[in-house]
Amino acid sequence: PSPAPPYSLGLEGVGVVEKSGGGLLARRLVGKRVAVASGPPNGTWQEYTLVDAKRAFPVPKRLTDEQACSFLVNPLTALVMVRHVLQVPRGAVVLQTAAGSALAQMVRNLGRIDGFRVIDVVRSRSGAERLQSAGSKYVIALEDEDMLAAVHRFVPGGVQAVLDCVGGATGTDALRTLAPGGRMLCYGTLSTEPITLPPRDIMMPMTRIEGFYLAEYLARLSLFQRVGLVRATAKLIASGELGTRVERTYD
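About the thresholds
Residues numbered from 1 in each chain as written. Predicted model: local features only at pLDDT ≥ 70, side-chain atom pairs only at ≥ 80, totals over all residues. Heavy atoms only, no water. Buried < 20%, exposed > 50% of the residue type's maximum accessible area, 1.4 Å probe, protein only. Helix = DSSP H or I, 4+ residues; strand = E, 2+ residues; numbered from the N terminus. Pairing = 2+ DSSP bridges. Right-handed = clockwise from strand over helix to strand, strands pointing away. Axes fitted to C-alpha atoms, helices over the stretch in contact; angles between N-to-C directions. Contact = heavy atoms within 4.5 Å. Expected span 1.5 Å × (residues − 1). Core = buried A, V, L, I, M, F, W, Y, C linked by side-chain atoms within 4.5 Å. Phe/Tyr/Trp six-rings, centres within 6.5 Å; stacked < 30°, edge-to-face > 60°. Lys NZ or Arg CZ within 6 Å of the ring centre and 35° of its normal.

Draft legend 1. Fine view of the pairing of strand β4 (residues 93-96). Side chains of β4 alternate between two faces, with V93 and L95 and V94 and Q96 buried alike. Two strands pair when backbone bridges link them, and β4 and strand β5 (residues 117-122) are joined in this way by four bridges, in the parallel orientation. In the strand pairing of β5, V93 is matched with R117. Tracing the backbone out of β4, into helix α4 (residues 102-114) and back to the parallel element β5 gives a crossover that is right-handed.

So this is what it looks like as structure tokens:
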């Protein structure tokens, strides 16, 4: 449930831990610069905030504040979904919806590193043209063509994995593009509409549809696993592969 206003907004951020409320983990973080995932009523759009120690991740000195403050939601989500949850193999094909996003660009970068192909789905022709001009090879504009027909023109057998953050009719069509044994991860609800699940489209090819929520995933990891994940992500951010383009900064 949402807290009663007024309260502070802001999910992500970076700052230095000033004080601890107790506990071994919290005490060890005092004085360290950490990337945090917080949220109402203790959001990050303020000078001080309260954060659960399990949602604070020490970040390397080589990362700027601008990169560290957007460390978790996009870079970590992209890396975890691709390498840890789906474990996309070299040579596979991944379809992603809302492909004009910063996270989608990170998935394309991981595809280039890890050797898998990406099919990008966007709503408009202009969105498709922007991606193509930036180097995307397989792009579908739903304004112009049917998703399923376009996918089978690119890969007749279907795709091995789908990353969907839209839902609704787009998510329903994305599910139908899966090859036998394929998996679909739902990680967003941009359309606010439910996905229709035709039983035969899941049963006959034995495909799987799963939900993904980063905070829940991280909460299930040990401290050692979280540290390793943060270090791997920081390395990819520093190399530019998972970095976030900063449009503007404010005092």
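Draft legend 2. View of the sheet that holds strand β1 (residues 12-16). One open sheet holds the three strands; their spatial order is β1-β2-β3, and the pairing between them is antiparallel. For this open sheet the edge positions go to β1 and β3 (56-58), each flanked by a neighbour on one side alone. Along the sheet, successive strands turn relative to each other by an average axial angle of 30°, direction set aside. Here helix α3 (residues 72-85) sits on the sheet in contact with β1, β2 (33-37) and β3, set at roughly 80° to β2.

Draft legend 3. Spatial organisation of α4. If you check α4, its first and last C-alpha atoms are 18 Å apart, about what 13 residues at 1.5 Å a residue would give, namely 18 Å. For α4, the set of buried residues is L103, A104, M106, V107, R108, N109, L110, G111 and D114. On its buried side, α4 packs onto α3, β4, β5, α5 (125-133), β7 (159-164) and α10 (223-238). Of the residues one or two after α4, G115 is the one with positive phi, at around 85°.

Draft legend 4. Summary view of the nonpolar core. One finds F71, V107, L110, F116, L163 and F212 to be the most contacted residues of the largest nonpolar core, which totals 41 residues. For this core, the secondary structure elements donating two or more residues are β2, α3, α4, β7, α9 (214-219) and α10. Considering each element in turn, this core owes the most residues, eight residues, to α3. Dropping the residues within four chain positions of it, F212 is found in contact with T77, V80, M81, V85, L185, C186, Y187 and Y217. With 17 residues, the next largest nonpolar core counts V151, V155, A174 and L178 among its residues.

Draft legend 5. A look at the packing of aromatic side chains. In this structure the tally under the stated criterion is two aromatic pairs. Centre to centre, the rings of Y138 and F154 are 5.3 Å apart; their planes meet at 65°, and the pair counts as edge-to-face. One end of the pair, Y138, is in strand β6 (residues 138-141); the other, F154, is in helix α6 (residues 147-154), and 16 residues separate them in sequence. Aromatic side chains F212 and Y217 sit 5.8 Å apart centroid to centroid with 45° between the ring planes, which places their arrangement in the tilted category. Exposure remark for Y217: the relative accessible area of 22% places this residue in the partly exposed category. A cation sits over an aromatic face here: R153 above F154, 5.0 Å from the ring centre.

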